[in-house]
2 protein chains.
Amino acid sequence: MQFADRLNNVETSAIRELFKLLGKPGIISFAGGFPDSALFDTEGIREAVNAALTEEPGAALQYGATEGYQPLREQLATFMASKGSQGIAASDIIVTTGSQQALDLLGKTLISPGDKVIVEGPTFLATIQCFRLYGAQLISAPVDGQGVDPDRLEQLIKEHKPKFVYLIPTFGNPSGALLSLERRRRVLELAVKHNTLIVEDDPYGDLYFDAAPPPSLLALSVNVPGSRERLVHCGSLSKVLSPGLRVGWMLGPAELLGKATMCKQFSDAHTSTFSQSTAAMYLKAGRMPATLARVRAVYAERAMTMGNALRRELGDAIEFVQPQGGLFVWARLTGAREKLVDGSLLAKRAIDKGVAFVPGAPFYASNPDHATLRLSFATVGIEKIEEGIQRLAAAT
Amino acid sequence: MQFADRLNNVETSAIRELFKLLGKPGIISFAGGFPDSALFDTEGIREAVNAALTEEPGAALQYGATEGYQPLREQLATFMASKGSQGIAASDIIVTTGSQQALDLLGKTLISPGDKVIVEGPTFLATIQCFRLYGAQLISAPVDGQGVDPDRLEQLIKEHKPKFVYLIPTFGNPSGALLSLERRRRVLELAVKHNTLIVEDDPYGDLYFDAAPPPSLLALSVNVPGSRERLVHCGSLSKVLSPGLRVGWMLGPAELLGKATMCKQFSDAHTSTFSQSTAAMYLKAGRMPATLARVRAVYAERAMTMGNALRRELGDAIEFVQPQGGLFVWARLTGAREKLVDGSLLAKRAIDKGVAFVPGAPFYASNPDHATLRLSFATVGIEKIEEGIQRLAAAT
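Each residue is numbered by its place in its chain's sequence as written, counting from 1. Labels are handed out in written order, letters beginning with A for the chains and numbers beginning with 1 for the ligands. Since the coordinates come from a predicted model, pLDDT governs what is reported: local features require at least 70, and pairs of side-chain atoms require 80 or more to be given and counted, while whole-chain, interface and lining totals use all residues.

Draft legend 1. Fine view of the packing of helix H2 (residues 42-55) of chain B against helix H11 (residues 273-284) of chain B. Residue and element names in this part refer to chain B. Here the axes come from fitting lines to C-alpha atoms, over the contacting stretch only for helices, and the angles between their N-to-C directions go from 0 to 180 degrees. For the purposes of this entry, the term helix denotes a DSSP run of H or I that reaches at least four residues, the term strand denotes a run of E that reaches at least two, and both are numbered from the N terminus. For the pair H2 and H11, the least separation of the axes is 8 Å and the interaxial angle reads 115 degrees. One way to sum up the angle between H2 and H11 is to call them roughly perpendicular. The interaxial crossing formed by H2 with H11 has right-handed handedness. Contacts between H2 and H11 involve Gly44, Ile45, Ala48, Val49, Ala51 and Ala52 on the former and, on the latter, Ser277, Thr278, Met281 and Tyr282. Among the residues making up the contact of H2 with H11, the classes are represented as 7 nonpolar, 3 polar and no charged. An angle counts as roughly parallel when it lies under 35 degrees, as roughly antiparallel when it exceeds 145, as roughly perpendicular when it falls between 65 and 115, and as oblique in every other case. By the definition used in this description, the sense in which the near helix is turned from the far one sets the handedness, with an anticlockwise turn below a right angle giving left-handed and a clockwise turn giving right-handed. Contacts here follow a simple rule: the backbone-placed C-beta atoms of the two residues must lie within 7 Å. Basically, the charged four are Asp, Glu, Lys and Arg, the nonpolar ten are Ala, Val, Leu, Ile, Met, Phe, Trp, Tyr, Cys and Pro, and anything else, Gly included, counts as polar.

Draft legend 2. Quick look at the interface of chain B and chain A. With 54 residues of chain B in contact, the opposing surface of chain A contributes 54 residues. Sorting elements by how many residues they give to the side of chain B that touches chain A places helix H10 (residues 254-268) of chain B first, with 8 residues.

Draft legend 3. Just the pairing of strand E6 (residues 164-167) of chain A, in detail. All names here are of chain A. Of the two faces of E6, the one carrying Phe164 and Tyr166 and the one carrying Val165 and Leu167 are both buried. Sheet topology places E6 next to strand E7 (residues 198-201); 3 bridges connect them, and they run parallel. Bridging across to E7, Leu167 finds its partner in Glu200. Seen with its strands pointing away from the viewer, a crossover is right-handed if its path from the first strand over the helix to the second goes clockwise. Assessed by its sense of winding, the connection that carries the chain from E6 through helix H8 (residues 181-193) to E7 is right-handed. Between the buried cut of 20 or more and the exposed cut of 12 or fewer other C-beta atoms within 10 Å of a residue's own C-beta lies the partly exposed class, and all C-beta atoms are placed from the backbone. Pairing between strands is defined by DSSP: at least two bridges between the two strands are required.

Draft legend 4. Structural context of the relation of the copies chain B and chain A. For the least-squares superposition of copies, only C-alpha atoms count, and only for residues with pLDDT at least 70 in both. Each copy of the sequence occupies a distinct position, and chain B is placed on chain A by a rotation of 180 degrees and an axial shift of 0.0 Å, giving an RMSD of 0.0 Å. The transformation just described matches what one would write down for a two-fold rotation axis. The share of interface residues of chain B whose copies in chain A are also at the interface is 100%, consistent with both copies meeting through the same surface.

Draft legend 5. Quick peek at the domain arrangement of chain A. Residues and elements named next belong to chain A. Residue ranges labeled as domains rest on an automatic or database domain assignment. Under the domain assignment, chain A is made up of domain 1 (5-41 + 290-395) and domain 2 (42-287). The distance between the C-alpha centroids of domain 1 and domain 2 comes to 25 Å. Taken together, the 35 residues of domain 1 in the interface contact 38 residues of domain 2. Those elements that place two or more of their residues in the side of domain 1 that touches domain 2 are helix H12 (288-314), strand E11 (328-333) and strand E14 (372-376). Looking at the side of domain 1 that touches domain 2 element by element, the count peaks at 8 residues for H12. For the side of domain 1 that touches domain 2, the class distribution of residues is 20 nonpolar, 11 polar and 4 charged.

Draft legend 6. Structural detail: unusual backbone geometry. Residues and elements named next belong to chain B. That bond from Gly121 to Pro122 is cis: its omega, 10 degrees, falls within 30 degrees of zero. Summarising the element assignment, Pro122 is placed in the loop between strand E3 (116-121) and helix H6 (125-133). Here the amide bond leading from Asn173 into Pro174 is cis, since omega sits at 10 degrees, within 30 degrees of zero. Relative to the helices and strands, Pro174 resides in the loop between strand E6 (164-167) and helix H8 (181-193). Of note in the backbone geometry, Arg246 takes a positive phi value of approximately 55 degrees without being a glycine. Along the polypeptide, Arg246 turns up in the loop between strand E8 (231-236) and strand E9 (247-251). One non-glycine residue, Asn367, lies in the positive phi region at around 45 degrees. Relative to the assigned elements, Asn367 resides in the loop between strand E13 (358-359) and strand E14 (372-376). Residue Asn367 is classed as exposed on the basis of its 9 C-beta neighbours within 10 Å.

Draft legend 7. How the structure looks around the sheet that holds strand E11 (residues 328-333) of chain B. Residues and elements named next belong to chain B. Strand order in the open sheet made by the 4 strands is E10-E11-E14-E13, with antiparallel pairing throughout. Looking along the sheet, the strands with just one partner apiece sit at the ends: strand E10 (318-320) and E13. Together, E10, E11 and E14 form the strand contacts of helix H12 (residues 288-314), whose direction differs from that of E11 by roughly 20 degrees.

The structure is reproduced here in structure tokens:
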């Protein structure tokens, strides 16, 4: 069978091979990217879906508008306001089938084969493959513990004139990095100065541990004239409420949202109204603040436990920035122990010792740093985290 | 803002303009393509979602496999068997976000810009636009009351060597036509003879009125050696249970399903597990046969009412084949009354008289027949159908 040419642009994932090994009994896995399903507010969601089926059964079960279910768009506008983005109207938001679909719609709407897109190095794996399927040529902008480097980003924008720049500024997957306030301003100024579209993917921003992160690019854009018109913001309920609902959303310039809505019409007609009406009822019931407080506290303890254990057990063999939110520790082998600087090699050895994580190299669209690792603390209890890191140390 | 080149291949829908007029108070609308939400089994769905949240809350709310939720795949295999397709394993099925996403994944997986695809003339509007977004050049194969003409189809296959042939063989939208058993065999034989992939889209096959339709191409393929390997089948719960769940599915050659699954991973990761687990519980509860019997009876009465009223009120001004299932009457102006042969003109006049329908021309990928009309009887009670057709007659 002859497939479409676009399929030649994607590779089967190196990570997928590793995941096949995870079925081994007794393994402690830091490899996943999932939130902990034990933290899902099942009762709140049950109440919400029953309310939706009672109060608006037709809407919850019928075809809906491609742009999204109006009561959900309204609740999301309120939710965004509660997070510091004022002045968002329901009509500024389209609902997507998870934020993965927002990425797909951006690709479909914007990327012609050969177009350049700047992403962070490292960035979300499914973003890389999603944009490549539309023929994008990806350019990696380097990231440190403070997020993307604006000077390098500006050089790359000037050099490559990208269709857009894709960033996960807050506790990104996999880097866990938090873009500083100063750099956020710089990024928005670059958008205006070079008339470049910036995509802010923000699935993790709600998952901060102690202090709230700096304002999102979206919230900050009111202070940088001209930047809002060059900004797309993608949000998601997947990490804080439930990925199974597949409810994400996207804000952006009206013309772009119009084209994305047309593309969505032919992608899946609309996002499940069954999920959308449930999410709307959940937000309306006012349960989100308590849910957020609960998941933040659990992930904060797990992140602290993992950080402390890594420092104690691996010492100068690795370096990492203690995460202030999100689901991940992003670490780098220093070579101080056994000259070990290959994350893939360590991942294989770690499986033999009964612990799994994901090597960092596949998260780079180009020039991978093979010494990197991604460790998720999200789904493992604190005692198992201690034990898992001890096993990891035994593998070095 | 500069959008992707692929957007140049789609036009804004002529129908959308018409829909803007439908808000007029008191209008009787035969224009929609929706099932009747009054027929949804809300209580059955409520029981199903509560069972899912009780019995497997983690699975219902967590990320799931891109291929689909395993218990749903198993229920769908059983459902397909109950409809005459034996020997389908759960692993032969991938779940899609409505069958619209199956079309999108076929486009993404198979169509390179410039590739030819044969569709019926007329065919589903969102199919036309979906495939064009991937750069397809569409060829229309003519349809009569018995479905697509196999002789013309064979000529077109020989002439154009299409990437695939897309058919809605059973009560298709908009034609309502039912492909005869003889023609079904011919289509499968053509697939083998010319080594051509056939896509059978079957969202309406369950909605028959008196007798069950001939076996689906999928069911029939066991009798035509070599045809199963050249056949894709798309199913949906949207017309019989609830479109809001966005649960469709696709069967096809394993290599194609593998590529489609990879594409789906980057389109929306997976279909809502909240919807999937609800659908699985619904099917498991055994409620589907009673639900089908109920909706078939209601739609059969409405179809009969509309057919009789059309014959009585419009007489020789139109011709149509009385539908044996589905949601639509597809009619053609003969010109016998006032020489009226323009469906768009009649649609505008009809709005003035207080009744809406959709002209047929936009449903053609090429060479539109401007005398055609699509009338949906699905969401209108029988008294209003009588009244609506009287208004339509007044517009001729």
